[in-house]
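# Examining the three-dimensional arrangement
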Amino acid sequence: MVKAVVGANWGDEGKGKITDTLAEEADIIVRFQGGANAGHTIVNNYGKFALHTLPSGVFYGHTTSIIGNGVALNIPILMDEIASIVNRNVPKPKILVSDRAQVVMPYHVLLDQYEEERLAGKSFGSTKSGIAPFYSDKYAKIGFQVSELFEEALLREKVARVVEMKNVLFEHFYHKPLIDAAELLDTLHDYRDKIAPYVCDVSAFLDTAIKEGKTILLEGQLGTLKDPDHGIYPMVTSSSTLAAYGAIGAGIPPYEIKQIITVCKAYSSAVGAGAFVSEIFGEEADELRRRGGDGGEFGATTGRPRRMGWFDCVASKYGCRLQGTTDVAFTVLDVLGYLDEIPVCVGYEIDGEVTTDFPTTAKLEKAKPVLKTLPGWKCDIRGIKNYEDLPQNCRDYVEFIEEQIGYPITMVSNGPGREDIIYRSQS
Ligand code: GDP
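Since the structure is predicted, the reported quantities are computational estimates derived from the model, not experimental observations.

### Regarding the overall build of the chain
Summing up its helical and strand segments, the chain has 12 helices and 21 strands in all. Taken over the C-alpha trace, the chain has a radius of gyration of 22 Å; the compact-globule value for 427 residues is 22 Å, and the two agree within 12%. When its C-alpha atoms are laid out on the principal axes, the chain stretches across 65 × 50 × 40 Å. In the chain, which comprises 427 residues, the proportion classed as buried is 58%. Counted over contacts in the chain with a minimum sequence separation of 6, partners at least 24 positions apart contribute 75%. Total accessible area on the chain stands at roughly 17,400 Å², and carbon and sulfur atoms take up 51% of it. Counting 44 positive and 58 negative side-chain charges, the chain places the centres of these two groups 1 Å from one another.

### A short note on helix α12 (residues 392–405)
An ideal rise of 1.5 Å per residue puts 20 Å on 14 residues; α12 measures up with 20 Å between its terminal C-alpha atoms. Residues C394, Y397, V398, F400, I401, E402 and I405 constitute the buried set of α12. Turning to α12, the residues buried within the fold contact β15 (311–312), α10 (313–323), β16 (327–331), β17 (341–350), β19 (368–375) and β20 (409–413). Of the residues trailing α12, G406 is marked for its positive phi of about 80 degrees.

### Details of helix α5 (residues 152–173)
Taking 1.5 Å per residue as the helical rise, α5 with its 22 residues ought to reach 32 Å, and the 31 Å between its terminal C-alpha atoms agrees with that figure. Residue H175 follows α5 closely and has a positive phi angle near 55 degrees.

What counts and how
- Residues numbered from 1 in each chain as written.
- Predicted model: local features only at pLDDT ≥ 70, side-chain atom pairs only at ≥ 80, totals over all residues.
- Heavy atoms only, no water.
- Helix = DSSP H or I, 4+ residues; strand = E, 2+ residues; numbered from the N terminus.
- Rg over C-alpha atoms; globule rule 2.2 N^0.38 Å.
- Buried < 20%, exposed > 50% of the residue type's maximum accessible area, 1.4 Å probe, protein only.
- Contact = heavy atoms within 4.5 Å.
- Areas by Shrake-Rupley, 256 points an atom, 1.4 Å probe, with all protein chains shown as cover.
- Lys, Arg positive; Asp, Glu negative; His and termini not counted.
- Charge placed at Lys NZ, Arg CZ, Asp CG, Glu CD.
- Expected span 1.5 Å × (residues − 1).

So this is what it looks like as structure tokens:
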């Protein structure tokens, strides 16, 4: 049984927490896209962790954690991350890395930095982890597959060829120091030796696991609105954030994905540039940011303060539809307990017309939020285990949003911990 855990919005919806919770009953957790540019925050009995590359199942002894072929694999960051959890007494996890995953090269990270410098104020807010240059090279067919690290003659030839191309850019466009091919080759040998113990034919491994009836979680990074095709292009990420891509990025048949759990946060947050229709500012935003998530809404990878907004039904309905949602996990609901009234964005006004359909980017830039205000519940709902025990106004908030987005909210998360989850059966 394969399940996907993906985001409906701009990322940071709480996918890590939901994956960590569901991983208790899973055998294998797979990262299928993205790289070390975003992070998940996970709170469990070992402490609080920010993961960037490892799947959120690594804290259980019984799970296998997989880096699929669709991931931008940064080998030094993966090694540091493994060391950082083992150093904090988490048992050494079982990790497999696809032989078809491609490697983030040191020059990808540099290109990202140089490009951000060049664009100065006009940048898209990249995390400078080399992700866009990495995926550009993958599709330009000059990327390095993990398998190629083990083919010395091929590797030497390819390093020479690619360095020649990159150095034209470094010299004439960015006016930066050139890449030394011999040094790069040494770095790749070091990468090869470090990654060797983990390399495997992941697709074949998952094929066997599916036949054996194992439970497999596909863990998405970011959310629908950052998808390069269906998101707010060009303020998007460089790999697909959709559950459908899980089949490709893990190497499994699409029809094996039986459950798609789309994570929606009870309010909105976003990082980076781009239209954010329900955004709020000033003291109202500061307070939500301070109280939000677990210890404030600041990026797990970058520490950047997140942009804040009210729940956006238009974006979330669209986000859930593109994921192919079977279940919605509605997270961080506890944080809203301080508000007397809670505005919710129920439509976009564009050129004088109200719509509930999420538009393309140029139209989105013109959209103004249509807000509806719901009463708050003014109490702490952490620790509540049954849906019926939530205050009436809180249930009304959940059910109002469920109706607006049109997908069943089957899980409500009321705290950052694994056990802070309310399962809701559909009537
Ligand atoms: P992800 O990238 O989708 O996994 O999201 P992040 O980890 O970046 O952001 C979610 C934040 O909210 C983290 O700090 C989590 O610990 C926290 N979190 C997740 N679910 C809940 C919840 O139900 N309540 C509270 N208060 N915090 C939560």
